[in-house]
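# Descriptive structure summary
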Amino acid sequence: MLYLAQVRKNDFLDQHQLRLLARQEADNLWAIIPEEAFILLGKGKIMSENLLVLVELSPTGDIEKIEDATNWVLHLVQSYLTIGITPEFLQHEAERAEHWRQSLTLQNQDLARRSLELEARREQIQALEESLKREKNGYTQEES
């Protein structure tokens, strides 16, 4: 699983560790890790303190891969922040989508109601046609 982490120095153990900040849930979905979670890097592994890294952990919690997160962060900035996508913008768009969905639902219900009304009128017209045919047949039989 992929995590965003920050390199920290553990003075007590005199080695560096990773503080896990967020984990990838899906391609474009990340979850913040609210509690403090650390993974020791081991003696001899020295990294710049406070460096942000992307770390791939195995299911057992072993470090499989670590890479500098600079390019990843720059990609996020370029993809979302340079065009003004803010949490407020996303909230506004979500509300617009919900209003649009509700409007479509109402239109669909209205169309269904109209369709039922047309079907009922069609049946009334057919019944009236049948009645007129019977009356016409009745008059023509009386005249003969």
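This section reports on the structure supplied with the text. This structure is a prediction, so every number in the text was calculated from the model and none was measured. (Residues numbered from 1 in each chain as written. Predicted model: local features only at pLDDT ≥ 70, side-chain atom pairs only at ≥ 80, totals over all residues. Heavy atoms only, no water.)

## Observations concerning the overall build of the chain
What the chain contains, in helices and strands, is 2 helices and 5 strands. Secondary structure elements of the chain, listed N to C terminal, follow the sequence β-β-β-β-β-α-α. For the chain, the C-alpha radius of gyration of 34 Å lies well beyond 15 Å, the compact-globule estimate for 144 residues. Overall size of the chain, expressed as C-alpha extent along the three principal axes, is 120 × 35 × 25 Å. Across the 144 residues of the chain, 16% fall into the buried class. Residue pairs in contact within the chain that sit at least 24 positions apart in sequence constitute 42% of those at least 6 positions apart. Split by element, the accessible area of the chain, about 11400 Å² in all, is 55% carbon and sulfur. (Helix = DSSP H or I, 4+ residues; strand = E, 2+ residues; numbered from the N terminus. Rg over C-alpha atoms; globule rule 2.2 N^0.38 Å. Buried < 20%, exposed > 50% of the residue type's maximum accessible area, 1.4 Å probe, protein only. Contact = heavy atoms within 4.5 Å. Areas by Shrake-Rupley, 256 points an atom, 1.4 Å probe, with all protein chains shown as cover.)

## Regarding the side chain of asparagine 10
Secondary-structure assignment places asparagine 10 in strand 1 (residues 2-10). Judged by relative accessible area, which is 15%, asparagine 10 ranks as buried. A distance of 3.0 Å separates a polar atom in the side chain of asparagine 10 from the backbone nitrogen of leucine 13. Sequence-distant contacts of asparagine 10, that is, excluding residues within four places in its chain, are made with Gln15, Gln17 and Leu40. (Polar contact = N/O pair within 3.5 Å; in protein donor to acceptor, adjacent residues only side chain to side chain.)

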